[in-house]
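Chains, contacts and geometry: an overview
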Amino acid sequence: MADYRFIKAQREGDVVTIALNRPDKLNALTPAMFGELGAAVAEAVAQGARALVLTGEGRFFCSGADIAPDGAGYEGLPEDLGALLDAAYNPFARQLAALEIPVVTALNGPCAGAGMSIALAGDIVVMGQSAYLLLAFVNIGLVPDAGATWLVARSAGRARALEMALLGERMGAEEAKAAGLVTRVVADDDVLGEAQALAARLAAGPTRAMGLIRRQVAFALEQGFDATLDVERDNQSIAGRTGDFAEAITAFAEKRKPQFSGR
C-alpha cells in the first residue's frame, strides 16, 4: 500500500486496514484526509483486497470535521459547507456504499459528527465499550451530513434519529447496540482484533455474492417488496454462475468446506 500523510493503510492477506491518522487532532476530518481515504480504498480494491477495515489511531475514532485552521495549510471550513460536502464528504460516502467488497468499522473511541457517519457506514460495526456516538451537528448550528441522517434513521428509526440529531447527546456503546446502530460491543483493547478477524472471515468468503448482498440490502431499504423480489432474482442469476457457487456445489458433494476464491 502507498504511504499517506493523514491516514495509514496496511494489508494483511486479503484484508486492508485503513486508519485515520491525525491522533493529535482526534482524527478530525479535512478535504485532504477524504482525498487520501478515497485513494486508499481505490488502491485496495485495485490490488484485489476482499475486505476492508476502517478504524482510527489514538483515543478517538473520529471527532468529525476539523473546524479550525491549523497554520500548516489547512484553512478551516469554507463559507459554503454544501460545496465542501459535494467536493469531499459525499464522494467518499458514495464510494463506500458502492463497494463490491465488505467493510468492517472498528470504533476504537468516540465517533462524532461526520466521523459517526463513517463509523456507521460499515457493514459490520465493532464498538469499544467506552466509545460513544455523537450527532454533534446541532451543537454548532449545523445539520447531520455524510449520510448520517440516512444511516441513523434506517437503522434506529425516525424517533431515535430525531432525538439524537436534535439533542446532540452522547450515546454509549451498549445503547448504540440496543438501538441497532452497531453490531458488536467488545472490550476497548479487543476492537481492532475483533474487526480484523471478522474481515478475514469475510475475505475468505464468496466475494461476488457479498457485493451483490450489499447492493441488494441497500435496494431493499429504498424499494418495495415486489421490486426487491425482482432484484433478488437478477442477483441470484449472477451469483449462480460464479466460480464460488460452483466450488460450493463441488465441496458439498465431496463433504468438505468450500474454498472460495472470490470469482
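Residues numbered from 1 in each chain as written. Predicted model: local features only at pLDDT ≥ 70, side-chain atom pairs only at ≥ 80, totals over all residues. Heavy atoms only, no water.

1. Observations regarding the overall build of the chain
Spelled out, the test is: In this text, helices come from DSSP runs of H or I with a minimum length of four residues, and strands from runs of E with a minimum of two, each type numbered from the N-terminal end. Restricting the calculation to C-alpha atoms gives the radius of gyration, and the globule rule supplies 2.2 Å times the number of residues raised to the power 0.38. What makes two residues a contact is simply this: any of their non-hydrogen atoms within 4.5 Å. Charge counting follows a simple rule: Lys and Arg are positive, Asp and Glu are negative, and His as well as the terminal groups are ignored. By convention, the charge on Lys lies at NZ, on Arg at CZ, on Asp at CG and on Glu at CD.
A tally of regular secondary structure across the chain gives 10 helices and nine strands. Radius of gyration (C-alpha) of the chain: 19 Å, near the 18 Å computed for a compact globule of 263 residues. Taken along the three principal axes of its C-alpha coordinates, the chain extends 60 × 40 × 35 Å. Considering only contacts within the chain whose residues lie at least 6 apart along the sequence, 69% involve residues at least 24 apart. With 24 positive and 32 negative side-chain charges, the chain shows a separation of 6 Å between the mean positions of the two kinds.

2. A look at the sheet that holds strand 7 (residues 132-134)
Spelled out, the test is: Only when DSSP finds a minimum of two bridges between them are two strands counted as paired.
Strand order in this open sheet of three strands is 5-7-8, and the pairing throughout is mixed. Unpaired on one side and paired on the other, strand 5 (111-112) and strand 8 (171-172) mark the two borders of the sheet.

3. Focus: the packing of helix 4 (residues 148-156) against helix 5 (residues 158-167)
Each pair of packed helices gets described by two things: the angle between the helix axes and the distance between those axes. Just so we agree on the cut-off: Comment: axis = line fitted to C-alpha atoms, over the contacting stretch for helices; angle = value between 0 and 180 degrees taken between N-to-C directions. In these notes the angle categories are as follows: under 35 degrees is roughly parallel, over 145 is roughly antiparallel, 65 to 115 is roughly perpendicular, and the rest is oblique. Residues were grouped as follows: Ala, Val, Leu, Ile, Met, Phe, Trp, Tyr, Cys and Pro as nonpolar; Asp, Glu, Lys and Arg as charged; and all remaining residues, including Gly, as polar.
Following both chains from N to C, one finds helix 4 and helix 5 inclined at 135°, their axes separated by 7 Å at the closest point. As judged from the angle between their axes, helix 4 and helix 5 are oblique. Residue-level inspection shows Val152, Ala153 and Ala156 of helix 4 in contact with helix 5, the latter providing Arg158, Arg160, Ala161 and Met164. A per-class count over the contact of helix 4 with helix 5 returns five nonpolar, no polar and two charged.

4. Details of a nonpolar patch on the surface
This is how the line gets drawn: In this scheme, patches are assembled from residues that exceed 30% relative accessible area and form no salt bridge. Like charges are connected within 9 Å, while nonpolar side chains (Val, Leu, Ile, Met, Phe, Trp, Tyr) are connected within 5 Å. For the area figures, the Shrake-Rupley method with a 1.4 Å probe applies, and any residue is considered shielded solely by the protein chains shown. By definition here, a salt bridge exists when the distance from a side-chain nitrogen of Lys or Arg to a carboxyl oxygen of Asp or Glu is within 4 Å.
Residues Trp150, Ile213, Val217 and Leu221 make up a contiguous nonpolar surface patch of roughly 350 Å² in combined accessible area. In terms of residues, the nonpolar patch owes the most to one element, helix 8 (residues 207-222), which gives three residues. Counting through the fold element by element, leucine 221 comes out in helix 8.

5. Comments concerning the sheet that holds strand 2 (residues 15-20)
Spatially, the six strands line up as an open sheet ordered 1-2-3-4-6-9, and their pairing is mixed. Strand pairing shows two members of the sheet lacking a second neighbour, strand 1 (7-12) and strand 9 (184-186), which therefore form its edges. Pairs of neighbouring strands in the sheet enclose a mean axial angle of 20°, with direction left out of account. Bridge count between strand 1 and strand 2: six bridges; the pairing is antiparallel. Within strand 2, the position partnered with lysine 8 by the bridge is alanine 19.

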